Amino acid sequence: MEPDVSIESGCMLRIAVLPIGTVPQAQLRDYVSMLVRHRKVELSAISSFYTEHQKSPFANQPWDTGSLRFKFMVGGSPPSPWEDFQSNRKILAVIGICHCPSSPDLDVVADQFSIVCKNYTSAVVQRCFAFSPGDAQLEDGGKRGDNLILFPPADRQTLEFHLLTMMQDIAASLLMEFEKWVLRAESAGTIVKTPLDSQASLSSEEVIKAKKRRLGRAQKTIGDYCLLAGSPVDANAHYSTALELARLTGDYFWYAGALEGSVCALLIDRMGQKDPALEEEVKYRYTSVILHYKKSIQDNAQRVSPLSFELEATLKLARFLCRRELAKEVVDLLMTAADGAKYLIDASDRLILYVEVARLFGTLGYQRKAAFFSRQVAQLYLQQENNLAAISAMQVLAMTTKAYRVQSRATNSRLLSLSNETGSNLADGGKMQLQSVVSLFESQWSTLQMVVLREILQASIRAGDPLAAWSAAARLLRSYYPLITPAGQSGLASALATSAERLPSGTRCADPSLPFIRLHSFPVHPSQMDIVKRNLGREEWWVGSAPSGPFIYTPFSKGEPNDGSKQELIWVVGEPVEVLVELANPCGFDLMVDSIYLSVQSGNFDAFPISVSLPPNSAKIISLSGIPTSVGPITIPGCIVHCFGVITRHLFKDVDNLLLGAAQGLVLSDPFRCCGSAKLKNVSVPNISVVPSLPLLVSHVIGGDGASILYEGEIRDVWISLANAGSVPVEQAHVSLSGKNQDSVISISYETLKSALPLKPGAEVTLPVTLKAWQLGLVDPDNTAGKSISGGAGRVSKDGNSPMLVIHYSGPLEYPGKTSTNGSVLPPGRRLVVPLHICVQQGLSFIKARLLSMEIPAHISENFPQPVYLRNNSAEEGIISESKTERLVKIDPYRGSWGLHLLELELSNPTDVVFEISVSVQLESAKDEDISTFIDHDAADFGYPKTRIDRDYSARVLIPLEHFKLPILDGSVFAKDSHADGSFSNRSSSFTEKNTKAELNTSIKNLVSRIKVRWQSGRNSSGELSIKDAIQAALQTSVMDILLPDPLTFGFRLSENGSQQVAMLDSSKESDIPVSSSVSKGSVLAHEMIPMEVLVRNNTKEIIRMSLSITCRDVAGENCIEGSKSTVLWAGVLSEIQVEVSPLQEIKHSFSLYFLLPGEYTLAAAAVINDANDVLRARARTDSPDEPIFCCGPPFHIRVIGSA
């Protein structure tokens, strides 16, 4: 049997198209595509190539309307044993395709073409088309007289015209060869044979019968050639003679063949006409054809069976009648042909038969019957043990998935659109047409659908297509997990993992696997992020607006009617949002989701992926977050999931439809109910829109956001800090009160907030609020709750009892970059709710102590920084008068900057009373030259501000420790014990660990003994906390940093010329030259040479030799002196300056800087001490005698402004 046969196949000339030499695939496809356009050549177009050597046997040739029809066999085909019976099976011409750039030698091409043509003995015309020849090939080809046709390089249109001319020449040559053959056959006769004749016994009776039949068979063959030559009238005349002779001799097989030819001639003669009479005639004749083929089968019962011709004729008639009006007749014919398949010996014949039956059923619209026979085709392919057959089986099975409702989403756009429609209906009204659900889920097909998917999985694995195998396994596991055993589920999971290993990383598949994902909810905005629509018609623009978010009731709506339409949700550009989804794993294995994030198609949303692990038969609710990036609507149809090594897209609506089908009994089961998840009410997806950036106020109560514990009638000020964390300024703000006990708020500093407007991004304003505790009733909810909680009485205040500050605020009236127009949509505003947690009712323990350090850079000025100590041997060097603040925090402590060491004491009040904490430090005078006891000239108790600690609250007290810093770094700090044993003499130059620890402990005890922490309660009780051990433990590891100064102190100042620059700058402020008000005193001008000095002070009693270096960095921390992009020029030496500093003395080094660009710069000095003594090594905590000591000075800031 042959595929794709029809009644008109008898008039088609077969031409073998063969590549000659090396032809690239792309070029071969291009040449073949040009060639196959000429399947039909009109007879009127070949007259210039046609030569009538003698009178044509085709007396009724329709030169004006007739044509020759070609069937191109790309790659050729093997000769058929039935060529004599049906002449259209012969290869009547051979066309070679040669690509000249790949085959430069035309002689070799000609020889190869000749060899190839020998395989086609029936070919009467042979041509080799050589495309794109070079100049030398064109010259050589012009001298050749063989069948090599050169197609010179030209544009596409010229090439196609040249090819058309050559096809007309081939058509004319074939027509002339047909005439010769027919003339020979009529004069001398012809002998034709079939496989039926080859097996006949040569008895005398058979020989006589064969002689009688030869004439009728010759007439039938001549009719075939007339039909191929495009002369149906002549063909019909010869077929009529052949029918009569075959009927007389009982040659039923040839009689059926001649009758088939006559039907083809009839249709060709009436081409374009299709009337009921013609249709009935064709049906009548083909019924006779089938009947006579059956008779020939009976006559040749012991020979080669011609059953394939009977089935082929049945398919030809079915194809001719194939339309919906004649569906019953066509189905009968196709089922008859399918029943005959079991009698076919050749498996390829059965394969072709099932393919044709499936095609015709599909043409009729009988998709399930077509799918059934397609599966028969796939089974025949799978019986062959080769990769190509498995690929064919996989492709055939993929075509059946639509009929079985298991198709892949990649080939099913219609199902996706239907899913979107049904999902939107579900979201709007909660209803869905039953027919839509039935079309999506048909549980009665479950077993058959599983079989089909298993066949696809098997074929995909054998074909080596991991993506198709992954898709089939995913569909099988997701849709039919209730019907699969746990072992089978694990096997499918292994198949998914194995397939993913063969796929490249990041492969996407249209078919989702596990888990099942449904939308759970959209969380409401926090109280600090509520969005409120603005009403332009009212001064109080927030009145009548409810905050955005998918909730029904809000206490701020003031009873406005709730709109029953779909809710709206507003997101803001740059602010993170979250969506809650629920995941379910109804299978019996652990499911690891590598990543999951929200799927947003609009492109204005950045989603954040997370990973999730799901145990067997479990469900989990997770939060998926992201940030909107631009203005516009956002649609979230589902999630992107990376699981089992492949990325898939899970749609919420698919799961909604699945759950609806489960509720109606149309789906096998509900995966979420299987995992023990509660029944979730259908979530209405809001309309999400993204607005431009809005201001965002963030509040916190200074001192802590916890509840304020007050006695009845106590008045206290609470400071609320409001910071704009958004990217646009706050231009309008209004403060109001809400909740109970509003009378407890005595005053709010409205003017402070209004004067801070517009509050720019990053700015902060402190709003003082005065509170007065109300009188507690006999049965107060807070009081009652407080008494019932051990150790925390009255701490937690219920939301309904404390007042709330409600701040409505908004940004500019129009979006950034847009001009306001009438009727334009205003940017929304926001609402900030600040609960004033007040606990009214009637608590001191030490928690811990720790050491804190900080450093604040100094600014370069015309003077060097002053040290905190001066020797007492000169009246001019006495302590500079200090302000109260300078007494609290000593400025410039030995490092040239604000370096602070703070002792932090954390105290807690677990009792029922309020405590006031007072901390004092005893300062001693220097009474002798003992440096270890030298503290300061202030000989008094220095007190710190009192701290109030309320019940169940803790407080941290900070104590600056700079008062305890020693003025000189000396070895006497590390006192050595005398050793009588001479064995220790070799270690006399180093400090033993034991002696060092003992000296440290002594210093700490001396320091701790001067810190007193006293408390006093409101009931006239007082005392002192015993916290010496705790403070000593906190200072144990850092006492050297507290007591000992750095060996070197670095400082910078502007020299006299530099001071003149500053003076000029200061005078410019008083003139008309505009200078930014933010420029502080001491700034210098750019494009001016600024002389500077660096001071290095030696804080030890030893000479220090060092290598000094100076660096300058910009605000980005980049070195702006060195490199190709330096922005600062210098004069003098800035690196590897070898200097020597005497004990307790200082040196100055001068240099100049020339700033090319204005801005903030940082100067820092560093020194490498090469020959460090033991004191320096102990201070640097190093034991290596060869390791240099590196001292780095603090950063000094200098501001450079542009010249006017």
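Keep in mind that what you see is a predicted model, and the values were worked out from it rather than measured. (Residues numbered from 1 in each chain as written. Predicted model: local features only at pLDDT ≥ 70, side-chain atom pairs only at ≥ 80, totals over all residues. Heavy atoms only, no water.)

(A) Geometry of the sheet that holds strand β42 (residues 1128-1131). Ordered in space as β38-β40-β44-β42, the four strands form an open sheet in which the pairing is antiparallel. What marks the edges here is a single partner per strand, and that holds for β38 (1048-1054) and β42. The mean angle between the axes of side-by-side strands here comes to 30°, regardless of whether they run parallel or antiparallel. Bridge count between strand β40 (residues 1089-1098) and strand β44 (residues 1146-1155): nine bridges; the pairing is antiparallel. Paired with V1094 across the bridge in β44 is H1149. (Pairing = 2+ DSSP bridges. Helix = DSSP H or I, 4+ residues; strand = E, 2+ residues; numbered from the N terminus. Axes fitted to C-alpha atoms, helices over the stretch in contact; angles between N-to-C directions.)

(B) Expanded view of the confidence of the model for the protein. Scored by pLDDT, the protein has a mean of 78; 76% of the residues are at 70 or more. Here residues 778-799 is modelled with pLDDT under 50, and outside its nearest four sequence neighbours on either side it reaches 33 contacts, counting other chains as well. Taken as a whole, residues 868-896 scores under 50 in pLDDT and shows 68 contacts with residues more than four places along the chain or in a different chain. (pLDDT = per-residue confidence, 0-100. Contact = heavy atoms within 4.5 Å.)

(C) Region of interest: the pairing of strand β3 (residues 67-74). Across the eight residues that make up β3, a large majority, six, are buried. As paired strands, strand β1 (residues 12-19) and β3 are joined by six bridges and run parallel to one another. By the bridge assignment, R14 is partnered in β3 with K71. Of the pairings in the sheet, the one linking strand β2 (residues 40-42) to β3 comprises three bridges and is antiparallel in character. Bridging across to β3, V41 finds its partner in L68. (Buried < 20%, exposed > 50% of the residue type's maximum accessible area, 1.4 Å probe, protein only.)

(D) Looking closely at the sheet that holds strand β7 (residues 508-509). Pairing is mixed across the open sheet formed by five strands, whose spatial order is β7-β18-β17-β12-β14. If you trace the sheet from one side to the other, it starts and ends with β7 and β14 (610-614), each paired once. Note that strand β12 (residues 591-599) and strand β17 (residues 638-643) share six bridges and pair antiparallel. Across the sheet, S599 pairs through a bridge with G638, a residue of β17.

(E) Broad picture of empty space enclosed by the protein. Considered as a void within the structure, the largest cavity measures approximately 200 Å³ in volume. Residue lining of the largest cavity: 22 residues in total, with S9, G10, Q86, N88 and K316 positioned closest to the centre. Elements that contribute at least two residues to the lining of the largest cavity include exactly α6 (204-228), α8 (252-269) and α10 (307-321). Of the residues forming the lining of the largest cavity, the biggest block, four residues, is contributed by α8. Considering only residue class, the lining of the largest cavity consists of six nonpolar, eight polar and eight charged. (1 Å grid on protein atoms, 1.4 Å probe; cavity = no way out; pocket = protein on both sides within 12 Å on 5 of 7 lines; lining within 4 Å. Points joined across faces, edges and corners; volume = space filled by probe spheres on them. Nonpolar A, V, L, I, M, F, W, Y, C, P; charged D, E, K, R; others polar.)

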